[in-house]
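What follows is each chain in one-letter form.
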Amino acid sequence: MVEGRQLVEKVVSLCKRRGFIFQSSEIYGGLGGFWDYGPLGVELKRNLKDAWWQDMVARHDDTTAPEGLPSPYSMVGLDTSIIMHPQVWKASGHYDLFHDLLVDCKADGCKARFRADQLDSSHCPLKPSKAPGEHSACQLTEAREFNLMFKTYIGALVDPESESYLRPETAQGIFVNFKNVLATARVRLPFGIAQIGKSFRNEITPRNFTFRSREFEQMEIEFFCRPGESSAWYEYWRDRRFAWYVALGLDSSRLRLRDHQSDELSHYSCGTADVEYAFPFLPEGEFGELEGIAHRGDFDLRSHMEGKLVRDGDELILQRDESGRPRHPGSGKDLTYFDDDTGERIVPHVIEPSAGADRAALAFLCEAYSEDAIPDEKGVPQPRVVLRLHPRLAPVKAAVLPLTRKEGMPELAQDLYRTLKQNWNVAYDEKGSIGRRYRRQDESGTPMCVTVDRESLSNGTVTVRDRDTTEQVRIPAAELHEHLAERING
RNA sequence: GCGGGAAUAGCUCAGCUGGAAGAGCGCCACCUUGCCAAGGUGGAGGUCACGGGUUCAACCCCCGUUUCCCGCUCCA
């Protein structure tokens, strides 16, 4: 059993060797926190996103209430722009929270970092009775701007007035379109809006392969519901999202669902749970977040109506500046919902299942990597590397292999390949020994190998080899389509 | 941001005291075999991370930079 640091190195090495993940801009020396997906990686990640979209949106049944819940619900999708009006990030609170002036102390033995606006109330680590800068040894740097949002300029003119940001999350694109969806999609509460897209955060320390990247892809749902039903829906989404990972193969003890403690909750949240995976690069017993499912109350829609909110006891209130005006005003638009059942106008509550596509892809790769041994022709066990990816996620669904390059086997195999290719990503390979070709497909995670042999030519049957067991069944070529469909779609 | 380590072929790594750039695997072609990797012959692939410096001569020594790893720090 391979684990820990050793497993990380093997997974990273396999990702490079087989074309799953490359470092960005590698020929120029690389760029920290950015990654490229190679020919197999793009298939894996696309399959993952497709599985999410199919399971959450496209195949969602709008007419049936989930067991134990008060009503059915609708699901619709959205694809919003990466750059949005700068006021979006000010009203949402990201601008203030992601944006700090920091001061470092260069003194030997100190090296501490302080928020420039909190120097007076901070304590010098070398002399805790004094504030930073008051001790004789202190060597404070100038205040430097740390902005975890990527800044850019709209239009060719570089000018503070044209500053904007690459979105640090996809969620805000959904909230600012709440009215549009309500007005056009004929949805009523409760309903969810789903979006998959890139987000950008200027992480201080990108680390652990693709786990903490500066450019990453999110799969987010904002689920809007009546305040009185929000707790039930929160539990529904929390359990459903956990089960989704299990169904796709993260079924080991390395996956867990963890409810946040009350002191861990964000200022707006009244309940959050994380789906976490014990990534092999983390210390024993530690887990990394794959997805957060947050009960956000009415925080988001209110923020975009009124402006940036802050907590005041049990309440969220509009933050005001010295002159009493909103610190960061909202849109001023009415984002309330008229409930036909009660005749009341309400601010819907939001449940937000927010998943990281890259983190999920990495977890599935780590979980799938395994080494075993299978007997050679003399019965001697020989080592093997195999990616036991769920067939829905596997980059290549099947490989079609002529046993030899003679007697018309390649021609028949290519015919089958072309037929299957119309429905799935399948590979054709005639190079090297048959055992070598099986191993190549095992390393790429291909769940099935279809082999054309002499018997195929005489009676139209082929063998289908299973990646995980290496067992083969012989079936008529005419039944291949059905056989593959059953294995891939379950 | 701080401290430590590392960087040589697609991957894993050798390379002595400074003196002609290497191996295994992988990849390509041909031959052989024909249902579970590594049989034969041949081949492609390297500005030894990048930029300076020392030296008759640098993968090797020195300085700087970048990236990765480890530990702090940070983590909406």
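Q: An account of the sheet that holds strand β21 (residues 398-402) is requested, with residue identities and associated values reported.
A: Read from one edge to the other, the open sheet built from five strands follows the order β22-β21-β23-β24-β25, with strand pairing classed as mixed. The open sheet has two edge strands with one neighbour each: β22 (426-428) and β25 (472-476). The sheet shows a mean angle of 25° between the axes of neighbouring strands, direction not considered. Examined bridge by bridge, strand β24 (residues 461-466) and β25 share five bridges and lie antiparallel to one another. Paired with Arg 465 across the bridge in β25 is Gln 472. Of the strands in this sheet, β21, β22, β23 (448-452), β24 and β25 touch helix α11 (residues 434-444), which is tilted by about 170° from β21.

Q: Lay out the packing of aromatic side chains in plain terms, naming residues and giving numbers.
A: For the structure on display, the rule yields 23 aromatic pairs. Here the aromatic rings of Phe 175 and Phe 224 are separated by 6.2 Å at their centres, their planes lie at 85°, and the arrangement is edge-to-face. Taken as a pair, Phe 175 in helix α5 (residues 171-175) and Phe 224 in strand β10 (residues 215-225) lie far apart in primary sequence, 49 residues in all. An identical accessibility class is assigned to Phe 175 and Phe 224; each is buried.

Q: Describe the environment of Ser 266, with residues and values.
A: By secondary structure assignment, the location of Ser 266 is in the loop between β11 (255-259) and β12 (272-277). Judged by its relative accessible area of 34%, Ser 266 is partly exposed. Sequence separation between Ser 266 and Ala 294 is 28 residues, and the spatial gap between their C-alpha atoms is 9.4 Å.

Q: Run through the nonpolar core, naming residues and quoting values.
A: For soluble globular proteins, the rule of thumb is that nonpolar side chains tend to be buried together. Ranked by size, the top nonpolar core spans 64 residues in total, and within it Phe 20, Trp 237, Tyr 245, Phe 279, Leu 290 and Phe 364 carry the most contacts. In terms of residues, this core owes the most to one element, helix α9 (residues 357-368), which gives nine residues. The contacts of Phe 20, once residues within four sequence positions are left out, are Leu 14, Cys 15, Asp 36, Tyr 37, Gly 38, Leu 40, Gly 41, Leu 44, Leu 365, Leu 387, Pro 395 and Ser 444. With 20 residues, the next largest nonpolar core counts Val 187, Met 305, Leu 335 and Val 347 among its residues.

Q: Can you break down helix α1 (residues 4-18) residue by residue, with the values?
A: Relative to the 21 Å expected for 15 residues at 1.5 Å per residue, α1 spans 21 Å between its end C-alpha atoms, a close match to the ideal helical length. Considered for burial, the residues of α1 that qualify are Leu 7, Val 8, Val 11, Leu 14 and Cys 15. Here the buried residues of α1 occupy an arc of 135° about the axis, which is enough to place them on one side. Buried residues in α1 make contact with β1 (21-23), α9, β19 (369-375), β20 (381-387) and α11. Of the residues one or two after α1, Gly 19 is the one with positive phi, at around 85°.

Reading the values: the criteria
- Residues numbered from 1 in each chain as written.
- Chains lettered and ligands numbered in written order.
- Predicted model: local features only at pLDDT ≥ 70, side-chain atom pairs only at ≥ 80, totals over all residues.
- Heavy atoms only, no water.
- Pairing = 2+ DSSP bridges.
- Helix = DSSP H or I, 4+ residues; strand = E, 2+ residues; numbered from the N terminus.
- Axes fitted to C-alpha atoms, helices over the stretch in contact; angles between N-to-C directions.
- Contact = heavy atoms within 4.5 Å.
- Phe/Tyr/Trp six-rings, centres within 6.5 Å; stacked < 30°, edge-to-face > 60°.
- Buried < 20%, exposed > 50% of the residue type's maximum accessible area, 1.4 Å probe, protein only.
- Core = buried A, V, L, I, M, F, W, Y, C linked by side-chain atoms within 4.5 Å.
- Expected span 1.5 Å × (residues − 1).
- Arc of directions from axis to C-beta.

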